[in-house]
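# Results of the structural survey
Residue strings, one per chain:
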Amino acid sequence: QKALEIKLEAYGPSHTNVALTHQKIGEVFQHQEKHEEASSRFQQALDILEENPGENNPIAAMIYHSIATDLAQRGKQDVAADLLSKAVELQLKDSREDHPDLAKI
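Notes on the structure follow. (Residues numbered from 1 in each chain as written. Predicted model: local features only at pLDDT ≥ 70, side-chain atom pairs only at ≥ 80, totals over all residues. Heavy atoms only, no water.)

## Focus on the packing of helix α3 (residues 35-51) against helix α4 (residues 58-73)
When two helices pack together, their arrangement is given by the angle between their axes and by how far apart the axes lie. Look at α3 against α4: their axes get within 10 Å of each other, and the N-to-C directions meet at 160°. Taken as axis vectors, α3 and α4 run roughly antiparallel relative to one another. Of the two elements, α3 crosses α4, and the hand of that crossing is left-handed. Across the interface between the two elements, His35, Ala38, Phe42, Ala45, Leu46 and Leu49 of α3 pack against Ile59, Ala60, Ile63, Tyr64, Ser66, Ile67, Asp70 and Gln73 of α4. A per-class count over the contact of α3 with α4 returns ten nonpolar, three polar and one charged. (Axes fitted to C-alpha atoms, helices over the stretch in contact; angles between N-to-C directions. Helix = DSSP H or I, 4+ residues; strand = E, 2+ residues; numbered from the N terminus. Parallel < 35°, antiparallel > 145°, perpendicular 65-115°, else oblique. Left-handed = near helix turned anticlockwise from the far one by under 90°. Contact = heavy atoms within 4.5 Å. Nonpolar A, V, L, I, M, F, W, Y, C, P; charged D, E, K, R; others polar.)

And the structure:
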């Protein structure tokens with residue numbers, strides 16, 4: 001939470017670094033099995049990316065991957081699979097098919 005406060009002050013609420021911090025906080029909540037809090041943070045991250053620079057980038061792919069993982073942990077594999085496909089699609093728009101970041105998804 002402190003990191004988010006620092007980044008908000010340094011960059012403002014619509015910066016990509018703020019979105020990444022929300023995503024990382026969401027992952028912490030996810031590991032604690034606080035899925036509603038995780039989902040909220042992931043959505044905040046996506047909302048920021050939609051404002052600036054748009055959702056078609058590798059950061060959005062990483063966030064969709066996090067959301068998919070969270071949904072899969074809650075037994076929603078069908079929705080998770082769709083989001084993983086979207087994550088791969090977004091990552092491919094920014095890199096080659098053999099790019100190492102695709103292995104993370």
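Read on, since the account is not over.
## Some details on the environment of Ser85
Mapped onto the fold, Ser85 is located in helix α5 (residues 77-94). Put simply, Ser85 and Ala68 are 17 residues apart on the chain and 9.6 Å apart in space, counted from C-alpha to C-alpha.

## Considering the environment of Gln23
One can find Gln23 in helix α2 (residues 16-31). Sequence spacing of Gln23 and Ile63 is 40 residues, and the spatial spacing of their C-alpha atoms is 6.4 Å. A polar atom in the side chain of Gln23 sits 2.7 Å from the side chain of Glu27. (Polar contact = N/O pair within 3.5 Å; in protein donor to acceptor, adjacent residues only side chain to side chain.)

## Concerning the packing of helix α1 (residues 2-11) against α2
In contact at an axis separation of 9 Å, α1 and α2 are set at 170° when each is read in the N-to-C sense. It follows from the interaxial angle that α1 and α2 lie roughly antiparallel. Contacts between α1 and α2 involve Ala3, Leu4, Lys7, Leu8 and Tyr11 on the former and, on the latter, Asn17, Val18, Thr21, His22 and Ile25. Here the residues of the contact of α1 with α2 sort into six nonpolar, three polar and one charged.

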